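The primary structure of each chain is shown beneath.
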Amino acid sequence: MTKFHFQVRNSDGSLGEVFEADFESSAEARSEAVRAAREMVSDGLWHGQPLANETFEIVSENGEIIEAVPFQSVVNFD
């Protein structure tokens, strides 16, 4: 298992929520980032705080951003 860090890059460029988890692969980590982003967008809409411009950054154990998952890419806003 490999440890991945997930950080939310807010629309103003600041860092928001950060958490970590262990996954077998970066593909598994990306799937979790997509699921979590959908949940956060849903919660934001429910509370009147759209999160369309935020991005999940998937970060390796050595601190390298290995992928960015924009929230707007995980739901259809049209």
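Everything numeric in this text was worked out from a predicted model, so none of it was measured.

Undergrad: Which residues make up the overall build of the protein chain, and what values go with them?
TA: Along the backbone of the protein chain there are 1 helix and 4 strands. Counting from the amino terminus, helix and strand elements in the protein chain follow one another as β-β-α-β-β. The C-alpha radius of gyration computed for the protein chain amounts to 12 Å, which stays within 12% of the reference 12 Å derived for 78 residues, consistent with globular compactness. Taken along the three principal axes of its C-alpha coordinates, the protein chain extends 35 × 20 × 20 Å. Sorting the 78 residues of the protein chain into buried and exposed places 29% on the buried side. Put simply, 44% of the contacts in the protein chain that link residues at least 6 apart link residues at least 24 apart.

Undergrad: A description of helix α1 (residues 26-46) should follow, citing residues and the corresponding values.
TA: Helix length check: α1 (21 residues) gives 30 Å between terminal C-alpha atoms against 30 Å at 1.5 Å per residue, within 8%. Just beyond α1, the residue with positive phi is G48, at close to 75°.

Undergrad: Residue-level account of the pairing of strand β4 (residues 65-70), with values.
TA: Bridge count between strand β3 (residues 55-59) and β4: 5 bridges; the pairing is antiparallel. Bridging across to β4, I58 finds its partner in E67. What sits between β3 and β4 in their antiparallel hairpin is a turn of 5 residues, with G63 showing a positive phi close to 90°.

Undergrad: Hey, could you go over the nonpolar core for me, with residue numbers and the actual values?
TA: In terms of nonpolar packing, the biggest core is built from 16 residues, with F6, F56, I58, V69 and F71 touching the most fellow members. Listed by contribution, the elements that provide at least two residues to this core are β1 (2-9), α1 and β3. Here the element with the most residues in this core is α1; it accounts for 7 residues. When neighbours within four sequence positions are excluded, F6 is seen to be in contact with E17, V18, F19, A21, F23, A29, E32, A33, F56, E57 and I58.

Cut-off values and rules
- Residues numbered from 1 in each chain as written.
- Predicted model: local features only at pLDDT ≥ 70, side-chain atom pairs only at ≥ 80, totals over all residues.
- Heavy atoms only, no water.
- Helix = DSSP H or I, 4+ residues; strand = E, 2+ residues; numbered from the N terminus.
- Rg over C-alpha atoms; globule rule 2.2 N^0.38 Å.
- Buried < 20%, exposed > 50% of the residue type's maximum accessible area, 1.4 Å probe, protein only.
- Contact = heavy atoms within 4.5 Å.
- Expected span 1.5 Å × (residues − 1).
- Pairing = 2+ DSSP bridges.
- Core = buried A, V, L, I, M, F, W, Y, C linked by side-chain atoms within 4.5 Å.

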